[in-house]
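Below, each chain spelled out in residue letters.
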Amino acid sequence: DTAVSQTPKYLVTQMGNDKSIKCEQNLGHDTMYWYKQDSKKFLKIMFSYNNKELIINETVPNRFSPKSPDKAHLNLHINSLELGDSAVYFCASSPLDRANEKLFFGSGTQLSVL
Amino acid sequence: TQLLEQSPQFLSIQEGENLTVYCNSSSVFSSLQWYRQEPGEGPVLLVTVVTGGEVKKLKRLTFQFGDARKDSSLHITAAQPGDTGLYLCAGARSSNTGKLIFGQGTTLQVKP
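All values reported here derive from a predicted model rather than from experimental measurement.

**Concerning the pattern of salt bridges**
All names here are of chain B.
- For the structure on display, the rule yields seven salt bridges over all chains.
- Close ionic contact of K56 with E54 constitutes a salt bridge, the shortest N to O distance being 3.8 Å.
- Here R60 ties to D83 by a salt bridge, and the two come within 2.9 Å at their closest N and O atoms. With a gap of 23 residues between them, R60 in the loop between strand 6 (55-58) and strand 7 (61-65) and D83 in the loop between strand 8 (71-76) and strand 9 (85-92) connect regions that are remote in the sequence.
- Under the relative-accessibility criterion, R60 is labelled partly exposed at 23%.

Listed below in structure tokens is the structure:
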């Protein structure tokens, strides 16, 4: 069983479109995250949720809207996609919202905006 | 501004060689983690170091946290092709949050 699963794996779309990425974890963790990895492999946190509540929003444009229907799911909706949104988006989870916790990452969604 | 600087960014070595990857900052971190990422996959945690001066070993990998908790190193002994991947250090500024700041990564290629 995959611990953190995200779909789709690849997403190719036109500028201006709206798209969603889904994430689910079956580990029973309280905290979930969205990270963005750019073309230089730099990984940066975008959002974190603890028990469905938004904890971190790292000055991400409001075209990005995370939604957590329950603590096992954290989806990412992106409006009016731009070329600069092209990247690999990783969902992750950890038992608690605390340092030293092990992050479990999904296998990523490669978004290409044309 | 990069809070965590990793060096080198790229490393290509022969099987059997030793190597060290560095992760440096001017800021203090409450803990530091090392992850390894393979192509098409998410990062996987290797180790967490918490105490200044701490040394942890994972088979041929040795991790050290600097005394002042501003830097860390990863040393691999007798590298193997299976060690190939992207190595990422990640630090937590506070013990009260799961927010991690990642370094820009070191891409390691070990040739047979």
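**Describing the pairing of strand 11 (residues 106-111) of chain B**
Residue and element names in this part refer to chain B.
- Burial along strand 11 is one-sided: the face carrying T106, L108 and V110 is buried and the face carrying T107, Q109 and K111 is not.
- Pairing of strand 2 (residues 10-14) with strand 11 involves five bridges; the strand directions are parallel. Within strand 11, the residue paired with L11 across the bridge is L108.
- Examined bridge by bridge, strand 9 and strand 11 share three bridges and lie antiparallel to one another. Bridge pairing in strand 11 places L86 opposite T107.

About the criteria used
- Residues numbered from 1 in each chain as written.
- Chains lettered and ligands numbered in written order.
- Predicted model: local features only at pLDDT ≥ 70, side-chain atom pairs only at ≥ 80, totals over all residues.
- Heavy atoms only, no water.
- Salt bridge = Lys/Arg side-chain N within 4 Å of Asp/Glu carboxyl O.
- Helix = DSSP H or I, 4+ residues; strand = E, 2+ residues; numbered from the N terminus.
- Buried < 20%, exposed > 50% of the residue type's maximum accessible area, 1.4 Å probe, protein only.
- Pairing = 2+ DSSP bridges.

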